[in-house]
Amino acid sequence: MKKILCNVILFIIFMPGWLTSDVIMKVSVLGIFKPVRVIVSTEKKEKYTIQAIWGETMEVNGKKQKEFILKDPQPLTVEIPDKITRQFPGQLQIYCSEGKLIIVNHIPMEDYLASVVHCEIGAAPAETLKAQAILCRTKALEFYQRNKKRKYYISDLTDGQVYKGLSHMNLSAREAVNLTRDEVMSFKGKLATVFFCSTCAGETSYPGFVWKKEIEYIVPVKCEYKGTPLCIDSPHFKTWTWSCPLEQISRVIPMGKFDHIDIIERDEFGRVSLLRFRNTWNMVLKTETFRIMVGRYFKDWGLLKSARFKVEIKDRKAFFTGQGLGHGVGLCQWGAKKLGELGYKYRSILGFYFPRLMITDYYSLKNEDE
Ligand SMILES: [Zn+2]
């Protein structure tokens, strides 16, 4: 009887498939390069050249193949000739779609997070890293729940989470992941949607303002300690400027020539949510949409750094002057670093930026995959 009870307890503790560490993430990697030729090699120097032909057709070492799957206990090296070489642990799956190769890395959740946490925040105090680990895990599981019937759940870009494989798996990030195993952010017993950004510049914003999408539990907070902004040490806190000829902006946004940029909506903190590009006709854009368009067009996310700006037009050139980096919603990473330095524990750091959320074990939530 005692033995049976013991086994039941052990089964509950190690309940298969319920722990986040059991989740295998499927991450689309290097898609930004739109690869048509990829060379995959193993530690034992086995080499596979994968070439997209057209549509869904591709060749592996000169032979037509629908899909390429490779698993090796050692990390696999992926090379996109003349562009990039990166190493990935776990399994690689490569297939062809619309003449481009899609590279998917299947990787255990905790290994994935050990890279993502470092890619997203870099060096930070241990407690700040733990807070970041919980946010990255929460976000990863949200994508997993939403896309688990698809070939991959999340991309390695900013619309997912930045992931650069093995080279960015850092020891302190891994420790933060291990020490917060299975912990996620929740609201009313469900996995929460969470956000983080580099530098809010004094006060965070909320989804209803930035994206016109209400999420009741993400609220603005003053990112300050004893009257001083917590993120004041960030290199992005000081004023930045970006100037660009109007002709060039009219190529970034899908409209012809325009003469004016109007700010339609600005919060009391100076953050702009809607812009109007005006000529004889108007185009209204969310600032965040415009920021993404600028980032993609110039392949540079450090130009229009945040939505907290003023804009002036002189001699058919727009001059943006602002503060901060990122959308400004959720946890401010530079603020969280400062809280970590001040001795705050990860629970307090998360509680500071997400006062309406709880930290919960993932397997105790009402998850959609049950
Ligand atoms: Zn801040």
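For clarity, every value in this text was computed on a predicted model and none was experimentally measured. (Residues numbered from 1 in each chain as written. Predicted model: local features only at pLDDT ≥ 70, side-chain atom pairs only at ≥ 80, totals over all residues.)

Draft legend 1. Broad picture of helix α9 (residues 346–353). Every buried residue of α9 is accounted for by Tyr 346, Ile 349, Leu 350, Phe 352 and Tyr 353. One side of α9 carries all its buried residues, which in axial view fall inside an arc of 155°. (Buried ≥ 20, exposed ≤ 12 C-beta atoms within 10 Å, placed from the backbone. Helix = DSSP H or I, 4+ residues; strand = E, 2+ residues; numbered from the N terminus. Arc of directions from axis to C-beta.)

Draft legend 2. Representation of helix α7 (residues 287–298) in the model. For α7, spanning 12 residues, the distance from its first C-alpha to its last is 16 Å, which sits close to the expected 16 Å at 1.5 Å a residue. Taken as a whole, α7 has its buried residues at Thr 287, Phe 290, Arg 291 and Val 294. Take α7 and look down its axis: the buried residues cluster within an arc of 100°, on one side only. Close packing links the buried residues of α7 with α6 (246–252), β19 (272–278) and β20 (282–286). Directly after α7, the chain includes Lys 299, whose backbone phi takes a positive value near 50°. (Expected span 1.5 Å × (residues − 1). Contact = placed C-beta atoms within 7 Å.)

Draft legend 3. Inspection of the pairing of strand β22 (residues 317–322) at higher detail. Here strand β17 (residues 240–245) runs beside β22; their pairing, made up of 6 bridges, is antiparallel. Bridging from a neighbouring strand, Ser 243 pairs with Phe 319 of β22. With 6 bridges joining them, strand β21 (residues 309–314) and β22 adopt antiparallel strand pairing. Among the inter-strand pairings, Phe 309 is bridged to a residue of β22, identified as Gly 322. Remark: 2 residues form the turn of the hairpin made by β21 and β22, two consecutive strands paired antiparallel; Asp 315 in that turn has positive phi of roughly 50°. (Pairing = 2+ DSSP bridges.)

Draft legend 4. Structural detail: the sheet that holds strand β1 (residues 24–29). Pairing in this open sheet of 5 strands is mixed, and the strands run β6-β9-β10-β1-β11 from one edge to the other. With partners counted over all chains shown, the strands left at the sheet margins are β6 (67–71) and β11 (154–155), one partner each. Its contacts with the sheet put helix α2 (residues 109–121) on β1 and β10 (100–108), and the angle it makes with β10 is roughly 110°. (Axes fitted to C-alpha atoms, helices over the stretch in contact; angles between N-to-C directions.)

Draft legend 5. Here's a closer look at the packing of α2 against helix α4 (residues 171–179). In the contact formed by α2 and α4, the axes pass within 8 Å of each other and the chain directions differ by 125°. With respect to α4, the element α2 is oriented oblique. Read as a crossing pair, α2 and α4 show a hand that is right-handed. Judged by residue contacts, Glu 110, Leu 113, Ala 114, Val 117 and His 118 of α2 engage Ala 173, Arg 174, Ala 176 and Val 177 from α4. Considering only residue class, the contact of α2 with α4 consists of 6 nonpolar, 1 polar and 2 charged. (Parallel < 35°, antiparallel > 145°, perpendicular 65-115°, else oblique. Left-handed = near helix turned anticlockwise from the far one by under 90°. Nonpolar A, V, L, I, M, F, W, Y, C, P; charged D, E, K, R; others polar.)

Draft legend 6. Focus on the domain arrangement of the protein. When cut into domains, the protein gives domain 1 (22–108) and domain 2 (240–322). Distance from the C-alpha centre of domain 1 to the C-alpha centre of domain 2: 38 Å. (Domains from an automatic or database assignment.)

Draft legend 7. Quick peek at the packing of helix α3 (residues 126–147) against α9. One can describe the packing of α3 onto α9 by two numbers: an axis separation of 8 Å at closest approach and a directional angle of 60°. Judged on the interaxial angle alone, α9 and α3 are oblique. Regarding α3 and α9, the two cross each other, and that crossing is right-handed. Residue-level contacts link Glu 127, Thr 128, Lys 130, Ala 131 and Ile 134 of α3 to Tyr 346, Ile 349 and Leu 350 of α9.

Draft legend 8. View of the sheet that holds β19. Spatially, 3 strands are ordered β18-β19-β20 in an open sheet, and the strand pairing comes out antiparallel. In the strand order of this sheet, the two ends are held by β18 (260–266) and β20, each with one partner. The mean inter-strand angle of the sheet, taken between neighbouring strand axes irrespective of direction, is 25°. Direction of pairing for β18 relative to β19: antiparallel, over a ladder of 6 bridges. What sits directly across from Glu 265, in β19, is Leu 274.

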